[in-house]
There are 2 protein chains.
Amino acid sequence: MEWTFRADAPLYTQLCEQLTFAVVSGVFAAGERLPAVRELAVDAGVNPNTVQRALGELERGGLVYTLRTAGRFVTADKARLEAARRALAEARAGEFLRVMEKLGYDRAQAAALLEEREGDEAT
Amino acid sequence: MEWTFRADAPLYTQLCEQLTFAVVSGVFAAGERLPAVRELAVDAGVNPNTVQRALGELERGGLVYTLRTAGRFVTADKARLEAARRALAEARAGEFLRVMEKLGYDRAQAAALLEEREGDEAT
DNA sequence: GCTATTGTATCAATCACTTAATACAATCAC
DNA sequence: GTGATTGTATTAAGTGATTGATACAATAGC
């Protein structure tokens with residue numbers, strides 16, 4: 001998996017987000033075992049503790065679970081994964097609408113703005 | 001004007017955003033004089049330096065200008081204000097689409113999600 | 001010209017947070 | 001049972017950024 005980090009936010013935060021997106025969107029399949037903490041750490045070029053901290057968040061959200069010495073696994077509960085994906089999307093949508101409203105765009109205008117956009121390919 | 005600060009981001013950042021939104025959406029009219037740095041500081045309950053820093057950002061964006069001892073004024077260039085408003089909206093839209101894409105929503109689905117939402121009044 | 005009010009500059013300290021090193025614990029595999 | 005591999009806990013230190021106190025500078029207004 002590809003890791004990219006900006007300098008304007010903590011590593012563990014970005015790690016958490018990227019891991020969440022990966023899990024929720026199926027990069028790691030439901031029930032699949034994740035690479036070990038140390039492995040992920042080497043792969044991403046960060047300290048194992050940092051990975052640990054990020055994964056702790058995922059665990060609290062029920063997206064992954066831990067078998068003490070066997071490793072971490074993505075939950076097998078596909079409904080839960082889908083619900084999480086949806087919840088993330090809803091949250092982002094909510095934030096987006098709040099900000100747009102402060103800028104004087106109502107819901108319809110905000111939606112229209114999305115569709116009008118040209119050439120914003122997210123490489 | 002109403003100030004609200006969260007604890008999860010620097011004051012000057014939030015101040016900057018709130019001032020930008022206020023200026024761009026006409027809370028302070030084009031050409032109007034802004035309250036003095038010290039006045040805003042008292043009003044918002046922060047240090048004058050913090051206000052100064054935030055306003056510096058607005059100035060760099062051409063939204064306000066300074067007359068050394070007379071105060072700060074919103075630019076009289078309404079086109080510029082409108083352009084800034086639009087640019088902010090576009091930027092947010094772009095971010096939103098990028099994230100939604102990572103979550104597996106294409107542009108149309110993202111837009112649809114906005115319109116489906118119920119009861120998300122931004123009090 | 002004097003004074004009050006404006007923005008500006010400087011400097012320091014505190015504060016919190018992130019990151020890292022290291023050691024511990026448990027159990028799977030053989 | 002032994003060792004390798006897993007996650008976990010503890011602790012420290014760097015580090016960097018934010019905020020605040022204070023002094024400076026310029027000029028508008030009377």
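Whatever comes next refers back to the structure up there.
Here's what I pulled together on the structure shown here. Quantities reported herein were computed from a predicted structural model and do not represent experimental measurements.

How each quantity is defined
- Residues numbered from 1 in each chain as written.
- Chains lettered and ligands numbered in written order.
- Predicted model: local features only at pLDDT ≥ 70, side-chain atom pairs only at ≥ 80, totals over all residues.
- Heavy atoms only, no water.
- Pairing = 2+ DSSP bridges.
- Helix = DSSP H or I, 4+ residues; strand = E, 2+ residues; numbered from the N terminus.
- Least-squares fit on C-alpha atoms with pLDDT ≥ 70 in both.
- Phe/Tyr/Trp six-rings, centres within 6.5 Å; stacked < 30°, edge-to-face > 60°.
- Buried < 20%, exposed > 50% of the residue type's maximum accessible area, 1.4 Å probe, protein only.
- Lys NZ or Arg CZ within 6 Å of the ring centre and 35° of its normal.
- Contact = heavy atoms within 4.5 Å.
- Buried area = accessible area lost by both parts, 1.4 Å probe.
- Salt bridge = Lys/Arg side-chain N within 4 Å of Asp/Glu carboxyl O.
- Nonpolar A, V, L, I, M, F, W, Y, C, P; charged D, E, K, R; others polar.

Some words on the pairing of strand β1 (residues 64-67) of chain A
Residue and element names in this part refer to chain A. The pairing of β1 with strand β2 (residues 71-74) spans 4 bridges and is classified as antiparallel. Across the sheet, the residue bridging to V64 is V74, located in β2. The hairpin turn running from β1 into β2, its antiparallel successor, is 3 residues long.

Regarding the relation of the copies chain B and chain A
The operation relating chain B to chain A is a screw motion whose rotation component is 180 degrees, with 0.0 Å of axial translation and a residual RMSD of 0.1 Å. Such a combination of rotation and displacement between the chain copies is what one expects of a two-fold axis. Of every C-alpha in chain B, the one belonging to A111(B) sits nearest the axis of rotation, 2.5 Å from it.

Quick word on the packing of aromatic side chains
On inspection of all chains with the given rule, the structure shows 5 aromatic pairs over all chains. When the centroid spacing of 5.7 Å and the interplanar angle of 20 degrees are considered together, the rings of Y65(A) and F73(A) count as stacked. On the basis of relative accessibility, which here comes to 36%, the residue Y65(A) falls in the partly exposed class. Between F96(A) and F96(B), the aromatic rings sit 4.6 Å apart at their centres with planes inclined by 0 degrees, giving stacked as the arrangement. Of this pair, F96(A) sits in helix α4 (residues 78-102) while F96(B) sits in helix α4 (residues 78-102), placing the two residues on different chains. We note that F96(A), like F96(B), is buried. Over the ring of Y12(B) we find R53(B), and its NZ or CZ is 3.7 Å from the ring centre.

Here's the deal with the interface of chain B and chain A
The interface of chain B with chain A comprises 33 residues on the first partner and 33 residues on the second. The three residues of chain B that bury the most area against chain A are L103(B), R107(B) and L114(B), which together make up 21% of that side's buried surface. Between the two partners, chain B and chain A, sit 4 salt bridges. Elements that contribute at least two residues to the side of chain B that touches chain A include exactly α1 (11-24), α4 and α5 (107-116) of chain B. The greatest single-element share of the side of chain B that touches chain A, amounting to 15 residues, is contributed by α4(B). For the side of chain B that touches chain A, the residue count by class is 17 nonpolar, 3 polar and 13 charged.

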